[in-house]
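Read off the chains here:
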Amino acid sequence: MTLAGALAPASANAASSTPEGMAVGGALLFAFVGGLILNLMPCVFPVLSIKALSLVEMPRENRRLARQSGALYTAGILVAFAAVGGALLALRAAGQAAGWGFQLQNPAFNLVLGLLMLAIGLNLLGVFEVGSRIAGTGESLTAGGERRAAFFTGLLAVVVATPCTAPFMAGALGYALMQPGAVALAIFLSLGLGLAAPYLLISLVPAVGRVLPRPGPWMSGFRNVLAFPMFATGVWLFWIIGKQAGVNAMAVAFAAALCFGFALWAWGRSATARPWRWRTAAATALVAAVAVGATVERPDPEAVPEAASTADSVSHAGTLGLLQLERFSPERMTGYIDAQQPLFVYFTADWCVNCKVNERVALSTDEVGDAFAKKGIKVLVGDWTNEDPVITEWLQRYGRAGVPLYLYFPKGASLEDAAILPQVLLPEIVIQAIERADVLQRFGTSDTLS
């Protein structure tokens, strides 16, 4: 096997990596189920809880408003998925190597998203109120506020969902990106319907809605508690900026957050005393936040870290539990496969929640480390935290639109013989997948385990 053959167009082998026999109907079903599971992911669950809390606060007899809220929440999700899917397809049509979560490769986007999480958290704590000045001006205005909130909460749910990849999503999205635009967008919208389905069901079916607790004093405390997952998400996003652009960029992000937080606090104070003074202070702090945040630079993909100045540091990527990691490169990957070396390759990103959970729960465990050591398995890691067209092409080669992707090549395998592991890992899943792939390779067959 030559390197030239390994670098053949990704579409040549992508079809073999999608679920066997998948057609449009199967992809739509996979996307819908993946969207349902996405509600349980740590990125989405706090937003869903906030929306459910707003439904609890509605008068139970006002079923019309509840139905409108569910419909507009769904509309917000579908609009956001159509926008993300359309942008992704447009970038790929223009020759850009983009995949699911591509926007998180931009530190500026992560900064804006982190500031949004800060704003939501402060709002939940009551530091400032949105629309408080129109409160009490009539039921129609109050209902209009709920309708707007429902739609924009749907948009937010999609924004915070992009770091996660639920089971069934990967195959469906990989399939979507090989289809015509209309089919691909239909799959993205099916994913959105799955994400919206639980809240939509609660809002449309009174019997299901009755399982929610009744309004009471508990809601104030619960609303405050929900602020802290928002703050944690913001801290995590600023940490990602540090991983992407360095510790100075992370410090700049926190400084921008400090200015932005003061602006929101001052705006909240303007509702009770000296409104023009506090509004001026809020505007000044907001300008400072924008000015500070604008200095966060996008990382140069051509830049080589100082630590990678020697050949050994270029190849070595640290350790993960008992595993000795090497940096992914097409040459290194094909070299090991040509040498009939058992090889495990995984693609990850610092902003990928699934990736980090899998590393902690499965790949870093002693069971997996011992199993790899006994078989002499080499491990390559491809980091997709920043934009990397080479990694994007290899993801597409195996029918994936984003990370995580886990590949195992038994001794004597070719690039086409990869065992593709699921997106959710446990130690026994990894060990059993490797053992199964070894048996299949020994008897001259191949299998996809995703």
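What counts as what
- Throughout this description, residue numbers start from 1 for each chain and increase along the sequence as written.
- Local features in a predicted model are, by the rule used here, given only for residues with pLDDT of at least 70; side-chain atom pairs are given and counted only at 80 or more, and totals for whole chains, interfaces and linings are based on all residues.
- Note that the side-chain values use all heavy atoms of the structure and ignore hydrogens as well as water.
- The secondary structure listing takes helices from DSSP runs of H or I that are at least 4 residues long and strands from runs of E that are at least 2 residues long, numbered from the N terminus.
- Contacts are assigned to residue pairs that have any heavy atoms within 4.5 Å of one another.
- All accessible areas in this document rest on Shrake-Rupley with a 1.4 Å probe, and a residue is counted as covered only by the protein chains that are shown.
- Here, a strand pair is defined by DSSP locating no fewer than two bridges between the strands.
- Exposure classes here rest on a 1.4 Å probe applied to the protein chains alone. A residue is buried below 20% of its type maximum, exposed above 50%, and partly exposed in between.
- Polar contact is defined as a pair of N or O atoms within 3.5 Å, subject to the rule that within protein one atom must be able to donate a hydrogen and the other to accept it, and that residues adjacent in sequence are counted only when both atoms are side-chain atoms.
- By definition, no residue in a patch forms a salt bridge, and every one has over 30% relative accessible area; like charges are joined within 9 Å, nonpolar side chains (Val, Leu, Ile, Met, Phe, Trp, Tyr) within 5 Å.
- In what follows, salt bridge is the name for a side-chain nitrogen of Lys or Arg lying within 4 Å of a carboxyl oxygen of Asp or Glu.
- Axis lines are fitted to C-alpha atoms, over the contacting stretch for helices. Their N-to-C directions set the angle, which ranges from 0 to 180 degrees.
- Comment on the angle field: the value is read as roughly parallel under 35 degrees, roughly antiparallel over 145, roughly perpendicular from 65 to 115, and oblique elsewhere.
- Only Asp, Glu, Lys and Arg are considered charged, only Ala, Val, Leu, Ile, Met, Phe, Trp, Tyr, Cys and Pro nonpolar, and every remaining residue, Gly among them, polar.
- Buried Ala, Val, Leu, Ile, Met, Phe, Trp, Tyr and Cys residues form a nonpolar core when they are joined through side-chain atoms within 4.5 Å.
- Any two of the Phe, Tyr and Trp rings considered here, Trp counted by its six-membered ring, make a pair once their centres fall within 6.5 Å; the pair's planes then place it as stacked at under 30 degrees, edge-to-face at over 60, or tilted in between.
- Scored from 0 to 100, pLDDT reflects the predictor's confidence in each residue.

The next thing to look at is the overall build of the protein chain. Counting secondary structure elements, the protein chain contains 19 helices and 6 strands. Expressed as a percentage of contacts within the protein chain between residues at least 6 apart in sequence, the contacts between residues at least 24 apart total 77%. Taken as a whole, the protein chain presents about 20,500 Å² of accessible surface, with 64% of it coming from carbon and sulfur.

Turning our eyes to something else, we now look at the pairing of strand β4 (residues 378-383). Bridge count between strand β2 (residues 323-327) and β4: 3 bridges; the pairing is parallel. The residue bridging glutamate 326 from the neighbouring strand is leucine 380, located in β4. Relative to β4, strand β3 (residues 343-348) runs parallel, the two sharing 6 bridges. Bridge assignment links tyrosine 346 to a residue of β4, and that residue is valine 381.

What follows is about the side chain of glutamate 326. In this fold, glutamate 326 is placed in strand β2. Accessibility expressed as a relative area gives 16% for glutamate 326, which makes it buried. Side chain to side chain, glutamate 326 and tyrosine 336 meet in a polar contact 2.7 Å long.

Moving on to a nonpolar patch on the surface. There is a patch of nonpolar side chains on the surface, built from Phe32, Leu36 and Leu193 and spanning about 220 Å² of accessible area. For leucine 193, the location among the structural elements is in helix α9 (residues 181-204). Residue classification places leucine 193 among the partly exposed positions, given a relative accessible area of 40%.

Turning our eyes to something else, we now look at the pattern of salt bridges. One pass over the structure, following the stated rule, counts 5 salt bridges. With its nearest N and O atoms 3.5 Å apart, the salt bridge here joins glutamate 359 to lysine 356. Of the two residues, glutamate 359 and lysine 356 both sit in helix α16 (residues 353-363), 3 residues apart, roughly one turn of that helix. For glutamate 359, a relative accessible area of 11% corresponds to the buried category. Arginine 397 is the partner of glutamate 416 in a salt bridge, and the nearest nitrogen-oxygen pair spans 3.4 Å. Residue glutamate 416 is located in the loop between β5 (405-409) and β6 (419-420), and its partner arginine 397 is located in helix α18 (residues 389-397); the two are separated by 19 residues in the primary sequence.

Further remarks concern the environment of alanine 31. Tracing the backbone through its elements, the reader meets alanine 31 in helix α3 (residues 24-38). Once residues within four sequence positions are removed from consideration, alanine 31 is found in contact with Ala172, Ile187, Ser190 and Leu191.

What follows deals with the packing of helix α17 (residues 366-375) against helix α19 (residues 427-442). Where α17 meets α19, the axes come as close as 9 Å, and the angle between the chain directions of the two elements is 20°. With respect to α19, the axis of α17 lies roughly parallel. Residue-level contacts link Glu367, Val368, Ala371, Phe372 and Lys375 of α17 to Pro427, Val430, Ile431, Ile434, Glu435 and Asp438 of α19. A class-by-class count of the residues in the contact of α17 with α19 yields 7 nonpolar, no polar and 4 charged.

With that settled, the discussion passes to the nonpolar core. Grouped together as the largest cluster of nonpolar side chains are 82 residues, with contacts concentrated most on Met333, Phe347, Tyr398, Leu407 and Phe409. Take this core: its biggest share by element is 8 residues, from α9. Core analysis: the next-biggest nonpolar cluster, separate from the first, contains 23 residues, Phe344, Val379, Ile431 and Ile434 among them.

So, on to the packing of aromatic side chains. The tally for this structure, following the rule as stated, stands at 16 aromatic pairs. Relative to tyrosine 199, the ring of tyrosine 73 lies with its centre 4.9 Å away and its plane at 65°, an arrangement referred to as edge-to-face. Of the two residues, tyrosine 73 is situated in helix α5 (residues 63-93) and tyrosine 199 in helix α9; the sequence distance between them amounts to 126 residues. Taking 5.0 Å as the distance between ring centres and 70° as the angle between the ring planes, the aromatic pair formed by phenylalanine 238 and phenylalanine 254 counts as edge-to-face. On the criterion of sequence distance, the pair formed by phenylalanine 238 in helix α11 (residues 218-245) and phenylalanine 254 in helix α12 (residues 247-269) is long-range, its members being 16 residues apart. Taking relative accessible area as the criterion, phenylalanine 254 reaches 37% and is therefore assigned partly exposed.

Of the residues in the protein chain, 84% have a pLDDT of 70 or more, and the chain-wide mean is 83. pLDDT under 50 marks residues 1-21. Its contacts with residues more than four places away, or in other chains, come to 36 contacts. Scored below 50 in pLDDT, residues 304-312 shows 3 contacts in the model against residues more than four places distant or in partner chains.

This paragraph deals with the sheet that holds β6. Taken in spatial order, the 6 strands make up an open sheet running β1-β2-β4-β3-β5-β6, and their pairing is mixed. Every interior strand has two partners, whereas the edge strands, β1 (316-320) and β6, have only one. Note: β5 against β6, 2 bridges, orientation antiparallel. Counterpart to tyrosine 408 in the pairing with β6 is alanine 419. Sheet contacts for α18: β3, β4 and β5; angle to β3, the most-contacted strand, approximately 115°.

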